[in-house]
Amino acid sequence: MYTYEVIVITAHTDHTNTFNKVHIRLMGTDGQSDPSFLQNSIGLAPFHKGAVSICSVSSPTSLGKLLMIELQKKPDPSCSEDSWFLARVQVKSPEGDTYNFPVNHWIANKMVHHFREATALKHSDDTHHLCKKSRKKELNHRKEHYQWYVYEEGIPHCIKTESPLSLPHEVRFSFTKTIQLGFTAITGVIELNLEGLYNCKDNWTSIKHIKQAFRCKRTNISDRVQKLWRSDAFFGYQFLNGVNPMMIKRCTVLPENFPVTDDMVFPSGQWRLEDEMQKGNIFLCDYKLLDGVKTNVIDNKKQYLAAPLVLLHKTPDDELMPIAIQLKQKPAEDNPIFLPTDSEYDWLTAKIFVRGADFNMHQLNFHLLRTHLLAEVFAVSLLRNVPMVHPLYKLLIPHTRYTLQMNCLARSLLISDNGVFTKFAASGGNGVITIMKRAQSSLTYSSLCIPHDIAERGLDSVPNFYYRDDGLRLWEIIHRFVQGLLKHYYKSDAEVQEDPELQSWIENIFEHGFLLQNSIGIPNSFSTVAEVVKFITMVIFTCSGQHSAVNSGQFDYGGWMPNTPTSLQQPPPTTKGTTSEATMLKTFPNISTTVHGMATVWLLSKQSTDFVPLGHYPEGHFTEEIPRIWIHDFQEDLKCLSDDIKARNKSLDIPYTYLDPATMENSVAI
C-alpha cells in the first residue's frame, strides 16, 4: 500500500471555512487513487480560517508523477451548506517527492473540481492525455462563466453579469473588502461628517463656509492644496505631479485656434514665444476632447464644462507657470484669452474652469477608460483563454484581483442612470459616453507605455516631474522582471507564435478592448518574445502603477472642492472685468454636489486592510526555483525604488507618493 501525505491549507481570511465533508482523488501518470474522505489521525479535518490540515490518502499502487487533484465538497446533513476558500494543497509521495497544487478558489457547491500541479506549462509542454483534457475542460467552463458584454458601442467591452454578486466567487471581494469598501456616497458622507449638508441645494456663501465643511477629514497634501490652490505655481505643478499628469505636452508650434502673442504673455519683453518654444520651455494642455459635450442638469440647473487651452512657461527657476488660458476652442470676441495680468478673479475663474475640465477628463479618460476598463479587458481575456497552469495565467492573475467586481460596482453606482458621477458631474449622463468614445478613438498603444508616452509628449527633461521619474524606473523594473520570467518559458520566437492560448488572449484583447482598431497600434497577435514582454509590462504597469498614479491622490487634490470642482453652475465668462468673489461662489457647484463629490473621492482614495502591494504574490502560483528567484529580485528592486522615493520626498514641500511600490496595489482593486 502506498500512502500519500496530503496537507490542505485553508485561506487565512474571514468566512473561508467549511464544516462539510471533502473528498479528494490523486491523479498521476500511472493511475488514480480512489476518492478519499479527508481526515487526520483523530478522524477530523478542521478546514477553518488559516488551518493547515494534514491528512493521508492510500493507493494499492504507485500513482507515478502526480498531475492533478480532484476535489469535491459534500454537504453534511447536520451542517449548513457553506463556501470554502481553499488556498493550496501539498502532497508528499511515498517516493519522497513533494507536489504543490495552488488552488485559490472558492468551493461552494457539490461540483467536482480539478486543480493542476503547480509547475507552469505552456500548451505545447502539456502532453499527458489527462492534462490535455483538463486544460480544454477548464477553458470551456470558464467561457461559460466569463462572457463578454457590450455596455456601450465604441468603448471597451466588459464582463457580462447581472450584478456584482452574480460574478463567480473566485473573482469577488473578500469579506473584509466587502465590509470596508461600503461603496456608496452616503457612506463617504457619514465618514466625512457631512450628513447635514447632504441634501442642501444652496450655494456656498464664502470660502470660509467651504473650509468649515472640509475640516473633518484631511490629509497632509489636502491641507497644502487648501493653502496653495490660488497659486499659479501650484496650478502648473499639478499638471506634472497631481492626480492627472497625462494632459501636458511640450509645445513647439502654437495651435491655430490659440492666437497668443508675445505682448500678451511677455509684456515686459523679457522673452519671446518663438524663442522659448525652440528652447523647450513652452507647454500646452488642450482639452479639445471636451468640446461640445452635452452637459448635465443638476437640481434643475444647467451645468457648464469648458474645453480650454492652457499655455505654460518653464521659468529660469524651474517653475511651470500658466501664461494664457482660452476657455473655448474657437477664437472669438466672446472667448477672450485670460492672462495672469488680468484682474484677480478673471484669472482665478479661468483657472477654476480649467480645473473643472481636468476633473472630467481625468476621471473618464485617464482613470476609468485607460486603467479600469482596460484592466477588465485584460482580466476577462485571461480568464477565458488561459488555463491556470499556463505561466501567463500565473504571472497575471494577481494583477486582476478584485478588478471585475470593482468595475461592476463602478458601472452600477458611479456611471449608471442613478450613479454619483451621472448625477453630480458636469459631464454626467450623455456626456460620459461621448467623452469615453472620443477618448477611445484617440487611444494609442504608445500612450499606454510610459517611456514612449513621455518621449512623444516631449517631457524627457522637464525638471521636478516625479510621475515621470518614478514611472520610468517602475516600468524598467517591471520590464526586467517580465523579461526574465517569460524567457524562462519561451526560448524562441517560434514558441510564442505556436502558443494558441497566448495568441487567443491577445486576439480577444484586440477585439474587445481596442475594438479591432489597427490605428491604435495594439498587436492582434504576437510574433516575438520581445513583443510579449513589452505588452505584459504594459498590462502590469497599467493595473498597478498607472492606476495608482491617477487614483490614489483623488482626495489629496480633489477633497478641497475649489481646486477640483466636479461641475460648474455658470458659463465661462465671455468678457473680462465681469468676475468677482461673488460670481466665483455662484460658479462653484452647490453644497450638495460638492458634498457628493468629496464623499466619492474620499471613498475612491481609501486603502483596504487586505490590500496587496505590487510584487507580492501570497497565492504562490509559481513554485519552480527560477521564477521564484525572479520574483525575489523583482521585490528587491521594488524595495530599492520605494526607499529612494521616501528619501527624495523628505526634501520636497509636497511629497510625491503615488508611485511608491510599498503603497501601490497589485491590481485595480479600488
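About the criteria used
The numbering scheme is per chain: residues are counted from 1 as the chain's sequence reads. Per-residue local features are limited, in this predicted model, to residues with pLDDT of at least 70; the limit for side-chain atom pairs, both in listing and counting, is 80 or more; totals at the level of whole chains, interfaces and linings are taken over all residues. Heavy atoms from the whole structure form the basis of all side-chain values; hydrogens and water molecules are not counted. Here the rule is simple: two strands pair whenever DSSP picks up at least two bridges between them. Every helix listed is a DSSP run of H or I at least four residues long, and every strand listed is a run of E at least two residues long, numbered separately from the N terminus. What counts as an axis is a line fitted to C-alpha atoms, over the stretch in contact for a helix, and the angles between N-to-C directions run from 0 to 180 degrees. Think of it in three bands: with a 1.4 Å probe and only protein chains considered, a residue is buried below 20% of the maximum accessible area for its type, exposed above 50%, and partly exposed in between. Put simply, buried Ala, Val, Leu, Ile, Met, Phe, Trp, Tyr and Cys residues joined by side-chain atoms within 4.5 Å make one nonpolar core. Any two residues whose heavy atoms approach within 4.5 Å are treated as being in contact. N or O atoms closer than or at 3.5 Å make up a polar contact, with two conditions inside protein: a donor-capable atom paired with an acceptor-capable one, and, for residues adjacent in sequence, both atoms drawn from side chains. Working definition: roughly parallel below 35 degrees, roughly antiparallel above 145 degrees, roughly perpendicular at 65 to 115 degrees, and oblique for all remaining angles. Should the near helix be turned anticlockwise from the far one by less than a right angle, the crossing is left-handed, and should it be turned clockwise, the crossing is right-handed. Throughout, a disulfide means two cysteine sulfur atoms within 2.5 Å of one another. Multiplying one less than the number of residues by 1.5 Å gives the expected span of a helix. Working note: the arc is built from the helix axis to C-beta atom directions. In this analysis the local bend is the angle between axes fitted, respectively, to the seven residues ending at and the seven residues starting at the residue. Here a pair means two rings of Phe, Tyr or Trp (six-membered ring of Trp) with centres within 6.5 Å. Their orientation is stacked below 30 degrees between planes, edge-to-face above 60, and tilted elsewhere. Residue polarity follows a fixed list, in which Ala, Val, Leu, Ile, Met, Phe, Trp, Tyr, Cys and Pro are nonpolar, Asp, Glu, Lys and Arg are charged, and the others, Gly among them, are polar. Each salt bridge in this description consists of a side-chain nitrogen of Lys or Arg and a carboxyl oxygen of Asp or Glu lying within 4 Å of one another.

**Observations regarding the pairing of strand β7 (residues 84–92)**
In terms of strand pairing, strand β1 (residues 2–10) meets β7 through 6 bridges, oriented antiparallel. Note on β7: the bridge partner recorded for isoleucine 7 is glutamine 90. Inspection of the sheet shows β7 paired to strand β8 (residues 98–107) by 8 bridges, in the antiparallel sense. What sits directly across from glutamine 90, in β8, is asparagine 100. Where β7 folds back onto β8 in an antiparallel hairpin, the turn is made up of 5 residues, including glycine 96, whose phi is positive at roughly 95°.

**Some remarks on the sheet that holds β1**
Strand order across the open sheet formed by 4 strands is β5-β1-β7-β8, with antiparallel pairing between neighbours. In this open sheet, the two edge strands, each paired with only one partner strand, are β5 (52–59) and β8. Between one strand axis and the next, the sheet turns by 25° as a mean value, whatever way the strands run.

**Here's the deal with unusual backbone geometry**
Of note, asparagine 300 is a non-glycine position whose phi angle comes to about 65°, a positive value. Of note in this structure, aspartate 318 is not a glycine but carries a positive phi near 65°. When you line up the elements, aspartate 318 lands in the loop between β16 (309–314) and β17 (320–326). The exposure class assigned to aspartate 318 is partly exposed, which follows from its relative accessible area of 34%.

**Here we look at the nonpolar core**
In terms of nonpolar packing, the biggest core is built from 182 residues, with Tyr287, Trp505, Phe535 and Ile536 touching the most fellow members. By residue number, the principal contributor to this core is helix α9 (residues 344–385), which donates 23 residues. Setting aside residues up to four positions removed in sequence, tryptophan 505 forms contacts with Phe378, Ser381, Leu382, Asn385, Val386, Leu392, Leu396, Phe526, Phe535, Ile536 and Val539. Formed by 15 residues, the second largest nonpolar core is a distinct cluster that contains Val265, Ile282, Ile323 and Ala324.

**Things to note about the side chain of threonine 10**
Note on placement: threonine 10 falls in strand β1. Of note is the side chain of threonine 10, whose polar atom sits 3.0 Å from the side chain of tryptophan 84. Sequence-distant contacts of threonine 10, that is, excluding residues within four places in its chain, are made with Thr16, Phe47, His48, Lys49, Gly50, Ala51, Trp84, Phe85 and Ala87.

**A word on the pairing of strand β13 (residues 282–286)**
β13 sits mainly inside the fold: 5 of its 5 residues count as buried. Residues Ile282, Leu284 and Asp286 point to one face of β13 and Phe283 and Cys285 to the other, with burial holding for every one of them. With 2 bridges joining them, strand β12 (residues 249–250) and β13 adopt antiparallel strand pairing. When the bridges of β13 are listed, arginine 250 appears paired with phenylalanine 283. For β13 and β16, the ladder comprises 5 bridges, and the chain directions are antiparallel. Following the sheet pairing, leucine 284 is matched in β16 by leucine 311.

**Looking at the packing of α9 against helix α11 (residues 403–413)**
The N-to-C vectors of α9 and α11 enclose an angle of 135°; their axes lie 9 Å apart at closest approach. On the basis of the axis angle, α9 is oblique to α11. Crossing handedness for the pair α9 and α11: left-handed. For the pair formed by α9 and α11, the contact residues are His372, Leu373, Ala375, Glu376, Ala379, Val380 and Leu383 on the first element and Thr403, Leu404, Met406, Asn407 and Arg411 on the second.

**Here's the deal with the state of the cysteines**
In this structure the tally under the stated criterion is 0 disulfides. Note on cysteine 158: no disulfide assigned, nearest cysteine sulfur contributed by cysteine 408 at a separation of 7.2 Å.

**Notes on helix α1 (residues 129–145)**
Taking 1.5 Å per residue as the helical rise, α1 with its 17 residues ought to reach 24 Å, and the 25 Å between its terminal C-alpha atoms agrees with that figure. Looking at α1, one finds that the buried residues are Leu130, Cys131, Ser134, Arg135, Glu138, Leu139 and Arg142. What you see down the axis of α1 is that its buried residues fit within an arc of 155°, all on one side. The outward face of α1, more than 90 degrees from its buried face, is lined by the exposed residues His129, Lys132, Lys133, Lys136, Lys137 and Glu144.

**Describing the sheet that holds strand β18 (residues 337–338)**
Sheet strands associate in pairs through backbone hydrogen bonding, adopting either a parallel or an antiparallel arrangement. What the 5 strands build is an open sheet, ordered β12-β13-β16-β17-β18; its pairing is antiparallel. Edge positions in the sheet fall to β12 and β18, since each of these pairs with one other strand and no more. Helix α6 (residues 232–241) contacts β13, β16 and β17 of the sheet and is inclined by roughly 90° relative to β17.

**Quick word on α9**
Compared with an ideal rise of 1.5 Å per residue, which puts 42 residues at 62 Å, α9 spans 58 Å between its outermost C-alpha atoms and is within 8% of the ideal. At leucine 368, α9 shows its strongest bend, of approximately 45°. Of all the 42 residues making up α9, 41 are buried; the element is thus mostly covered by neighbouring parts of the structure.

**Describing the packing of aromatic side chains**
The final tally for this structure, using the stated rule, is 22 aromatic pairs. Relative to tyrosine 237, the ring of phenylalanine 234 lies with its centre 6.1 Å away and its plane at 15°, an arrangement referred to as stacked. With a gap of 3 residues between them, phenylalanine 234 and tyrosine 237 both fall in helix α6, about one helical turn apart. On the basis of relative accessibility, which here comes to 16%, the residue tyrosine 237 falls in the buried class. The interplanar angle of 15° and the centroid separation of 6.0 Å between the aromatic rings of phenylalanine 359 and phenylalanine 421 together place this pair among those described as stacked. Of this pair, phenylalanine 359 sits in helix α9 while phenylalanine 421 sits in helix α12 (residues 420–424); the two residues are 62 residues apart in sequence, bridging distant segments of the chain. We classify phenylalanine 359 as buried; its relative accessible area is 8%.

**Things to note about the environment of histidine 129**
As for its placement among the helices and strands, histidine 129 is situated in helix α1. Placed 100 residues apart in sequence, histidine 129 and threonine 29 show a C-alpha to C-alpha distance of 9.5 Å.

**Examining the packing of α6 against α9**
Remark: α6 packs on α9, axes separated minimally by 12 Å, with the N-to-C direction vectors making an angle of 15°. The angle between the axes of α6 and α9 places the two elements in the roughly parallel class. α6 and α9 meet at a crossing whose hand is left-handed. Where α6 abuts α9, its residues Asp232, Phe235, Gln238 and Phe239 lie against Trp347, Lys351, Val354, Arg355 and Asp358. Split by residue class, the contact of α6 with α9 holds 4 nonpolar, 1 polar and 4 charged.

**Re the pattern of salt bridges**
All told, the structure shown has 29 salt bridges when counted by the stated rule. Residues lysine 576 and aspartate 342 are paired through a salt bridge, measuring 3.0 Å at the closest nitrogen-oxygen approach. Of the two residues, lysine 576 is situated in the loop between α19 (554–558) and α20 (581–587) and aspartate 342 in the loop between β18 and α9; the sequence distance between them amounts to 234 residues. Overall, lysine 576 belongs to the partly exposed group, its relative accessible area being 35%. Judged by relative accessible area, aspartate 342 falls into the buried class, the value being 17%. Connected through salt bridges with shared partners, the residues Arg116, Asp126, Arg135 and Glu501 form a single ionic network.

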